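Structural overview
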Amino acid sequence: MKLLHTADWHLGKIVHNVHMTEDQKDMLEQFMQIVRREEPDVVIIAGDLYDRSIPPKQAVELLNDTFTELVNDIQVPVLAISGNHDSPDRLQFGTSLFRNQGLFLDTKLRKNREAVTLYDDHGPVHFHLIPYVEPAEVAYAFEDDSIKTHQQAAERIVEDIRERFSSDERHVWVGHAFLAGGMESESEERLSMIGGSPYVDARLYHDFTYVALGHLHQPQRVTKDTIRYSGSLLKYSFSEANHKKSVAAIQLDNSGVASIEQIPLTPERDFEVVEGYFEELLGGEAAANPSNYLHVRLLDDGQLLDPMGKLRKVYPNVLHLERVQLHAKSNLEELEQVKERQKRSPEELFQSFYEDMKGEEMPENRKEILEEAIQQLRESERGK
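These notes cover the structure that comes with them.

1. Some details on the overall build of the protein
Scanning the protein for helices and strands turns up 11 helices and 19 strands. A globule of 384 residues ought to have a C-alpha radius of gyration of about 21 Å, yet the protein, at 28 Å, is considerably larger. Overall, the C-alpha framework of the protein stretches about 90 × 50 × 40 Å when taken along its three principal axes. The proportion of buried residues among the 384 residues of the protein is 49%. Excluding contacts between residues fewer than 6 apart, the proportion of contacts in the protein whose partners are at least 24 apart in sequence is 66%. Summing over all exposed atoms, the protein offers an accessible surface of approximately 20100 Å²; the carbon and sulfur share of this is 46%. Each charge class in the protein was averaged separately, 43 positive and 68 negative side chains, and the resulting centres sit 2 Å apart.

2. Points about the sheet that holds strand E19 (residues 318-323)
The sheet built from 3 strands is open, its strands ordered E17-E18-E19 with parallel pairing. Every interior strand has two partners, whereas the edge strands, strand E17 (271-276) and E19, have only one. Neighbouring strand axes in the sheet, compared pairwise and without regard to direction, differ in orientation by 15 degrees on average. In this sheet, strand E18 (residues 293-298) lies alongside E17 in parallel orientation, the contact comprising 6 bridges. Bridging across to E18, Glu275 finds its partner in Arg297. Here helix H8 (residues 307-314) sits on the sheet and contacts E18 and E19; the angle it forms with E19, its principal contact strand, is near 135 degrees.

3. Digging into a nonpolar patch on the surface
A grouping of Leu305, Phe353 and Met357 is seen on the molecular surface, where their side chains present a nonpolar patch of about 310 Å² in accessible area. As for its placement among the helices and strands, Met357 is situated in helix H10 (residues 346-358).

4. A closer look at the nonpolar core
Residues Leu4, Phe31 and Val43 are the most contacted members of the largest nonpolar core, which totals 38 residues. Secondary-structure elements contributing two or more residues to this core are helix H1 (21-38), strand E4 (42-46), helix H2 (57-74), strand E5 (78-81), strand E6 (103-106) and strand E15 (246-252). Once residues within four sequence positions are removed from consideration, Phe31 is found in contact with Leu4, Thr6, Trp9, Val43, Leu70 and Val247. Among the nonpolar cores identified, the runner-up in size contains 30 residues, and Ile157, Trp173, Tyr205 and Phe208 belong to it.

5. Details of the packing of aromatic side chains
For any pair of aromatic rings, geometry is given as the distance between the ring centres together with the angle between the planes. One pass over the structure, following the stated rule, counts 7 aromatic pairs. Seen from their ring centres, Trp173 and Phe208 are 5.5 Å apart, and the 75 degrees between their planes marks the pair as edge-to-face. Within this pair, whereas Trp173 is found in strand E9 (residues 170-176), its partner Phe208 is found in the loop between strand E11 (199-200) and strand E12 (210-214), the two being separated by 35 residues in sequence. By the burial criterion, Trp173 is buried, and Phe208 matches it.

6. Examining the side chain of Glu240
By the element assignment, Glu240 lies in the loop between strand E14 (224-229) and E15. Other than its neighbours up to four places away in sequence, Glu240 contacts Ser185, Ser187, His217, Ser232, Leu234, Lys235 and Lys245.

7. Some points on the pattern of salt bridges
Working definition: two side chains of opposite charge can pair if their charged atoms are close together. For the structure shown, the criterion picks out 21 salt bridges. With a shortest N-O distance of 3.3 Å, Arg162 and Asp207 are connected by a salt bridge. Of this pair, Arg162 sits in helix H6 (residues 150-164) while Asp207 sits in the loop between E11 and E12, and the two are 45 residues apart along the sequence. With respect to class, Arg162 is no different from Asp207; both count as exposed. Sharing partners across several salt bridges, the network here consists of Lys2, Arg37 and Glu38.

8. Thoughts on the packing of H1 against H2
Closest axis-to-axis distance for the H1/H2 pair is 11 Å, and the angle between their directions is 10 degrees. If you check the angle between H1 and H2, you find them roughly parallel. Facing Thr21, Gln24, Lys25, Leu28, Phe31, Met32, Val35 and Arg36 of H1, the residues of H2 in contact are Gln58, Leu62, Thr66, Glu69, Leu70, Asp73 and Ile74. Split by residue class, the contact of H1 with H2 holds 7 nonpolar, 4 polar and 4 charged.

9. Regarding the environment of Asp225
Looking at the secondary structure, you find Asp225 in strand E14. Separated by 95 residues in the primary sequence, Asp225 and Ile130 place their C-alpha atoms 20 Å from one another. Within the structure, the side chain of Asp225 is placed 2.5 Å from the side chain of Arg221, a separation counted as a polar contact.

10. Considerations on the sheet that holds E9
Pairing in this open sheet of 6 strands is mixed, and the strands run E7-E8-E9-E12-E14-E13 from one edge to the other. Looking along the sheet, the strands with just one partner apiece sit at the ends: strand E7 (116-120) and strand E13 (220-222). Between one strand axis and the next, the sheet turns by 30 degrees as a mean value, whatever way the strands run. Where E13 and E14 come together, 3 bridges link them in antiparallel fashion. Within E14, the position partnered with Arg221 by the bridge is Arg228. Its contacts with the sheet place H6 against strand E8 (123-130) and E9, and it is angled at close to 160 degrees to E9.

11. Describing the pairing of E4
For E4, a buried count of 5 out of 5 residues is recorded, marking the element as mostly surrounded by other parts of the structure. With 4 bridges connecting them, strand E1 (residues 2-6) and E4 associate as parallel partners. In the strand pairing of E4, His5 is matched with Ile44. Taking the sense of rotation as the criterion, the β-α-β connection linking E4, H2 and E5 turns out right-handed.

Reading the values: the criteria
Residues numbered from 1 in each chain as written. Predicted model: local features only at pLDDT ≥ 70, side-chain atom pairs only at ≥ 80, totals over all residues. Heavy atoms only, no water. Helix = DSSP H or I, 4+ residues; strand = E, 2+ residues; numbered from the N terminus. Rg over C-alpha atoms; globule rule 2.2 N^0.38 Å. Buried < 20%, exposed > 50% of the residue type's maximum accessible area, 1.4 Å probe, protein only. Contact = heavy atoms within 4.5 Å. Areas by Shrake-Rupley, 256 points an atom, 1.4 Å probe, with all protein chains shown as cover. Lys, Arg positive; Asp, Glu negative; His and termini not counted. Charge placed at Lys NZ, Arg CZ, Asp CG, Glu CD. Pairing = 2+ DSSP bridges. Axes fitted to C-alpha atoms, helices over the stretch in contact; angles between N-to-C directions. Patch = residues over 30% accessible without salt bridge, like charges linked within 9 Å, V, L, I, M, F, W, Y side chains within 5 Å. Salt bridge = Lys/Arg side-chain N within 4 Å of Asp/Glu carboxyl O. Core = buried A, V, L, I, M, F, W, Y, C linked by side-chain atoms within 4.5 Å. Phe/Tyr/Trp six-rings, centres within 6.5 Å; stacked < 30°, edge-to-face > 60°. Parallel < 35°, antiparallel > 145°, perpendicular 65-115°, else oblique. Nonpolar A, V, L, I, M, F, W, Y, C, P; charged D, E, K, R; others polar. Polar contact = N/O pair within 3.5 Å; in protein donor to acceptor, adjacent residues only side chain to side chain. Right-handed = clockwise from strand over helix to strand, strands pointing away.

Structural data, given as structure tokens:
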């Protein structure tokens, strides 16, 4: 049996005030090409389908179109769960009807829940769809008030699986959690600290044939190859600039996992951090692709007039601009400069700014205009 594991689509995501829906649509089209080429027996989506509980209309339409193509056109079973960004109640709508079509979407934990069992030439494979849940939800489902932490919640669910299912058969855990030892990035929202630490020990899952995880955005294994985060569909922060996004293809045989392959996903517009002097950057050669989403780190010391506007004429998707101090001054020197500026009059501060911008001293006639304007402001503030 061949599995295709993905997670953390975050449809409707906004990064630095830019809606990522078109980028997500392009990447999902690439994902569909992978599905058609690889011909998996199952597609797994391990949570965070949406980026927020009430997603925008375009995101809902995109997920609907994607599920329709997977289930109706390609006719591959889809096993999905809700993540910490999703609304379990909203995603739950229609799930009973969808199961008959091959879309298995679990958003809430229930006692005596059933696994999704599929068959290949070697027998059954039991897929345990465990959505993101707080410890209190697990305590309620199992009527056990002693469950206070995410670790205890996971232990109780695993215990339930061992009690009700045969250990001689193959089991796949599909979950959205934070395993201790996993590498984080800035775009992930920290899981709730209600009930203590959000971390779960990866050793708890060592007996599962494969563990398909969502939440951490960097593709990675945790303690062993068969416990794996697929990573997010796209890069959603500059902390992910060096990530290599991918989809995990897992081949199962009669004894377990025969092979795991990471199939790369290549965005049309990547996230990139570039650094250099302003005039050099305007040459257009700093980025691998001028259309990439950029975090620009400027090395210039002096004043620059509208650097963002000028850079966006060359790189239209500059999202963040940062000035880098090549010769960092000591905290004491910086403090002295602040104190010195505080002693200056408004006229002196404006004149200093004028000199920095124009490279020359302010003419006398403009000084008179400046003094007159400042005097009018002072009188206005006093209510005269």
